[in-house]
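Structure assessment
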Protein chains: 2
Amino acid sequence: LIFSGDELLRGDTLNTNQVYLTGRLVDLGLLVTHALCVTDDLSVMCRAIDDSLARKPALLVLSGGLGPTEDDLTREAVAASLGLSLEQHQGLLDAIRERFDSRGLHMSETNKKQALLPAGATPLPFSGTAPGFALQHDHTMLVALPGVPWELKDMWEHQAEPLVRTHTKATPYEVRRLRTFGLGESTVAQNLAEIDWHDPEATIGTRADLDGITLILRGIASPGGIHKLDALQDRITALLGDHVYSMSGETLSTAVGGLLRATGLTVAAAESCTGGLLGKLLTDVSGSSSYFLGGVIAYDNQVKSGVLGVPDEVLAARGAVSNEAAAAMAQGVCRLTGASCGLSTTGIAGPDGGSDDKPVGLVYLGCAVEDTTVTKRLNLFGGRDQIRGRAAFSALDLLRRRLQERVST
Amino acid sequence: LIFSGDELLRGDTLNTNQVYLTGRLVDLGLLVTHALCVTDDLSVMCRAIDDSLARKPALLVLSGGLGPTEDDLTREAVAASLGLSLEQHQGLLDAIRERFDSRGLHMSETNKKQALLPAGATPLPFSGTAPGFALQHDHTMLVALPGVPWELKDMWEHQAEPLVRTHTKATPYEVRRLRTFGLGESTVAQNLAEIDWHDPEATIGTRADLDGITLILRGIASPGGIHKLDALQDRITALLGDHVYSMSGETLSTAVGGLLRATGLTVAAAESCTGGLLGKLLTDVSGSSSYFLGGVIAYDNQVKSGVLGVPDEVLAARGAVSNEAAAAMAQGVCRLTGASCGLSTTGIAGPDGGSDDKPVGLVYLGCAVEDTTVTKRLNLFGGRDQIRGRAAFSALDLLRRRLQERVST
């Protein structure tokens, strides 16, 4: 893969196209060996294309440099590297003109440049602003895509991927994403020590995020390969137990939503340190209004007592960051909204506001399910975002485990 | 830059190290021309190092491949490419052993590998799990850093950057980040058409996010360069007017927080479609408890009427997604919490739940400041995340503009 664009090399833009394309390609059975970002410079780009072709890959994808400006050099670089002329493509010119006309805009002379293609290339229809192209060179299929992420995705999915699937003869992979919460990356590795992580027929990758460790299992999409993956998935699930919350990559919010639907219960949130994040996560799921009733962000202590009914004695004697306050908040939001489950968070998110007694990272969670309330104390590390994120996901996981018990009994 | 790691080429991991390092380097005056991700393969890595050195860069940074496993090949690749032997570094071995001892762990034989260095290399002290190193080869300074993002940042900031600053003689850049809200990328470009975007002494880059367009101005950090940047910043600010909410890169939440402090007002949130996101954004700022009192997530209509006091007649006649409901929510949350300002959101976030009358993307905002309430209707596009994000940021911007008026009059 070659990505052109100075913005990728100046600290301004995260290259999300790389993670997208490499993920799509691995699912097709194509393993990327090199992904290069280069500046918008003709000789640099030509050299990068030459070096790539010298490795004789089945596929070379270029991204970016297809706009109308003088910084857009992909067409020129491909033509120069392959010794091809650039030719105006009439169909493409008409499509570009029509695009301007349909919006009542005038097509400028500079846009004509976008109708140029290396001789023999096939234009890829575009829904955005930049047309792409594909061409075959010896054993390599070369595809040029726009750099704007949504335009790249659209063109990859609808135009390029079907072509690549036909022209390259790779065996597709089957991918499973097992999501876990409550274990660190090294504990996951220890618990799975008896498993061969490097079996080429069923590889295991991990990704660590605030919502837990995801295990990514990949195998050949053949009957034998799928059988092997099934067995691997079963072994991992047995070894990690109830830390696994999804076998299909779904989020913790989606898993909790599924359990709420299954049990017919509803939920409300009472948040102090997470400031609304817990509600936001629960409502990330479309259709969550069928089980999420609402919540109270009780940042100020007067909201904790006045709206949620946390007793003033609790706030005075134990403080807002305490087991007792967390329990009263979870119960209070159930009373207020009529929800059958209440989840609460109260803690010190930092970086300011900590004390010896109650340091930054100390968080209490409350979880009321009908008449029973449990609380949990967390000592979290990291910055404000990590502490708040980890607190909100831990609250979701607390509810998940309680609902899971009800479903299994 | 060379990043090694299969996880960067399988769709699992976003390469955040690239955006971090290129940003730090541009501030030092070092412009990255090539950033390459390669698989964990010795010959691939050696070839990548050879090709990079052939371009005679002032700096070559390697990231990843410094762990104890057989996939960790950076030490071997550097030694092989430069024709150096690998030697055990006693100081490094002691430091690694001490690290294990201090945690009551046993250092295994495989960890000894981490004390190997190419002959002549200087070890870089490490706070994480992987030691790095630096060495000079002809005109190129070569630095090897760990791949784990927080370990890389820590080592770059405390060990590598001071070395690089001394050994390379680049002129640092001065960077300004002007943040705007309410204009699209093309409108920003049109409004700034009279400005030269490619002046090498003061370049302009843009970044588009849900919280608006950021203009990144870069110039040489010399008295003349800074004077030029000041003038450019003034011109842009004059052309974009009150769309600019920050000249120093601060977030919209921070800008709103500053205005609330300046006016001595407090705020509360009443959220339907944003589900807690607005509260989360307001409380992203440490110390926000001095002006943010709390909020109500009124997802269910019973919460809108029962807790916030939205009249049943409004819900029946105009619906929950209406100007009137938005206004009543903003006023209701002020009454409930005692805040002087109330911000509300109600809309259809999708992908389900839209109708001809009220399509996905229709959102009403309410903004009460003391006795005056205004509402705003938005027609947003994109997926659920985009619609909710844009709605929350638009609500913050609505309050920002109203507070700004009070500050300027």
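Not measured: the values here are computed from a predicted model. (Residues numbered from 1 in each chain as written. Chains lettered and ligands numbered in written order. Predicted model: local features only at pLDDT ≥ 70, side-chain atom pairs only at ≥ 80, totals over all residues. Heavy atoms only, no water.)

Re the sheet that holds strand β12 (residues 244-246) of chain A
Strands belonging to one sheet form pairs held by backbone hydrogen bonds; the direction of such a pair is parallel or antiparallel. Residues and elements named next belong to chain A. Under the convention used in this document: Strand pairing is defined by DSSP finding a minimum of two bridges between the two strands. Under the scheme used here, helices are H or I runs from DSSP no shorter than 4 residues and strands are E runs no shorter than 2 residues, and both carry numbers assigned from the N terminus. Fitting a line to C-alpha atoms yields each axis, with helices limited to the stretch in contact; the angle taken between N-to-C directions then spans 0 to 180 degrees.
Overall, antiparallel pairing links the four strands, which are arranged β10-β11-β9-β12 in an open sheet. At either end of the open sheet lies a strand with only one pairing partner, and these are β10 (202-209) and β12. Averaged over all pairs of adjacent strands, the angle between their axes in this sheet comes to 30 degrees, without regard to strand direction.

Quick notes on helix α8 (residues 252-263) of chain A
All names here are of chain A. Just so we agree on the cut-off: A helix's residues, less one, multiplied by 1.5 Å, set its expected span. Contacts were defined at the residue level, with two residues in contact if any of their heavy atoms lie within 4.5 Å.
For α8, spanning twelve residues, the distance from its first C-alpha to its last is 17 Å, which sits close to the expected 16 Å at 1.5 Å a residue. Packing partners of the buried residues in α8 comprise β12, β13 (267-271), α9 (277-282), β15 (341-347) and α13 (384-408). Positive backbone phi, at 70 degrees, marks G264, one or two positions downstream of α8.

With respect to the pairing of strand β16 (residues 362-369) of chain B
Remember that side chains alternate between the two faces of the sheet whenever the strand is regular. Residue and element names in this part refer to chain B. We count it as follows: Note on exposure labels: buried denotes an accessible area under 20% of the residue type's maximum, exposed denotes more than 50%, and partly exposed covers the range between, all computed with a 1.4 Å probe on protein chains only.
With eight of eight residues buried, β16 is to be regarded as a mostly interior element. Alignment of strand β15 (residues 341-347) against β16, held across seven bridges, turns out to be antiparallel. When the bridges of β16 are listed, G347 appears paired with V363. Here β16 hands over to strand β17 (residues 372-379) after two residues, with E370 in that stretch at a positive phi of 50 degrees.

Points about the nonpolar core
Quick note on the threshold: Residue types Ala, Val, Leu, Ile, Met, Phe, Trp, Tyr and Cys, when buried and joined through side-chain atoms within 4.5 Å, form a set referred to as a nonpolar core.
Counting 108 residues, the largest nonpolar core has L145 and W156 of chain A together with L145 and W156 of chain B as the members making the most contacts within it. Among all residues touching L145 of chain A, those that are not within four sequence positions of it are L21, V61, L62, S63, G64, L66, L124, L152, M155, W156 and A160 of chain A. Counting 76 residues, the second largest nonpolar core, distinct from the first, contains L396 and L403 of chain A together with L380 and F393 of chain B.

Quick word on the interface of chain B and chain A
Accessible area lost upon the coming together of the parts is a frequently used measure of interface size. Worth spelling out the cut-off: What gets called buried area is simply the loss in accessible area from a 1.4 Å probe that two parts show on being joined, summed for both. Salt bridge, as used here: a side-chain nitrogen of Lys or Arg that lies within 4 Å of a carboxyl oxygen of Asp or Glu. The term polar contact refers here to a pair of N or O atoms within 3.5 Å; inside protein, the definition further demands a hydrogen-donor-capable atom paired with an acceptor-capable atom, and it admits residues adjacent in sequence only when both atoms are side-chain atoms.
Listed as interface residues are 63 residues of chain B and, on the opposing side, 63 residues of chain A. For the chain B and chain A pair, buried surface summed over both sides reaches about 5,000 Å², with 55% attributable to carbon and sulfur atoms. Among the salt bridges present, the one from R388 of chain A reaches D284 of chain B, with a minimum N-O distance of 2.8 Å. Run the count over chain B and chain A and you get 34 residue pairs in polar contact (both at pLDDT 80 or more). Mapped by element, the contributors of at least two residues to the side of chain B that touches chain A are α1 (16-27), β2 (34-38), α2 (42-54), β11 (212-220), α10 (277-282), β14 (292-298), α13 (323-337) and α14 (384-408) of chain B. Direction of pairing for strand β2 (residues 34-38) of chain A relative to β2 of chain B: antiparallel, over a ladder of five bridges. Each bridged residue has a counterpart across the sheet, and for H34 of chain A the counterpart in β2 of chain B is V38 of chain B.

Some details on the packing of aromatic side chains
The criterion, for reference: Aromatic pairs are defined between Phe, Tyr and Trp rings, using the six-membered ring for Trp, whenever the two ring centres lie within 6.5 Å; interplanar angles under 30 degrees are classed as stacked, those over 60 as edge-to-face, and all others as tilted.
The final tally for this structure, using the stated rule, is two aromatic pairs over all chains. Seen in terms of ring centroids, F292 of chain A and Y299 of chain B are 5.4 Å apart; in terms of plane orientation they differ by 65 degrees. Their pairing is edge-to-face. Remark: Y299 of chain B occurs in the loop between β14 and α11 (301-306) and F292 of chain A occurs in strand β14 (residues 292-298); the pair is interchain, linking two chains. For F292 of chain A, a relative accessible area of 1% puts it in the buried group.

Let's talk about the relation of the copies chain B and chain A
Stated formally: Alignment of copies: least-squares fit on C-alpha atoms of residues with pLDDT of at least 70 in both copies.
Note on the copies: chain B fits chain A at an RMSD of 0.1 Å, the axial shift is 0.1 Å, and the rotation between them is 180 degrees. Here the two chains are linked by the operation of a two-fold rotation axis. A share of 100% of the interface residues of chain B reappears at the interface of chain A, consistent with the copies meeting face to face through the same patch.

Quick word on the pattern of salt bridges
Scanning the entire structure with this criterion turns up 34 salt bridges over all chains. Note that E324 of chain A and R318 of chain A form a salt bridge whose closest N and O atoms lie 3.5 Å from each other. With a shortest N-O distance of 3.2 Å, R235 of chain B and E194 of chain B are connected by a salt bridge. Separated by 41 residues along the polypeptide, R235 of chain B in helix α8 (residues 223-240) and E194 of chain B in the loop between α7 (185-191) and β10 (202-209) bring together distant segments of the chain. For R235 of chain B, a relative accessible area of 39% translates into the label partly exposed.

Re the sheet that holds strand β3 (residues 59-63) of chain A
In space, the twelve strands of this open sheet follow the order β6(A)-β7(A)-β8(A)-β3(A)-β1(A)-β2(A)-β2(B)-β1(B)-β3(B)-β8(B)-β7(B)-β6(B), with mixed pairing throughout. Since the sheet does not close on itself, it has two edges, and those belong to β6 (122-124) of chain A together with β6 (122-124) of chain B, each with one partner. Taking each pair of neighbouring strands and ignoring which way they run, the sheet shows an average axis angle of 15 degrees. Across five bridges, strand β7 (residues 132-137) of chain A lies against strand β8 (residues 140-145) of chain A in antiparallel orientation. Bridge pairing in β8 of chain A links Q136 of chain A to M141 of chain A. This element, helix α3 (residues 74-82) of chain B, spans β1 (2-4), β3 (59-63), β7 (132-137) and β8 (140-145) of chain B of the sheet and lies at about 10 degrees to β7 of chain B. Sitting on the sheet, helix α6 (residues 149-167) of chain B touches β3, β6, β7 and β8 of chain B, and the angle it makes with β8 of chain B is about 170 degrees.

Notes on the side chain of S246 of chain B
All names here are of chain B. Tracing the sequence through the fold places S246 in strand β12 (residues 244-246). One polar contact links the side chain of S246 to the main-chain amide nitrogen of S248, over a distance of 3.1 Å. Within the local environment of S246, its side chain forms a polar contact with the backbone nitrogen of G249, the two atoms lying 3.2 Å apart. Once residues within four sequence positions are removed from consideration, S246 is found in contact with R177, L178 and R179.

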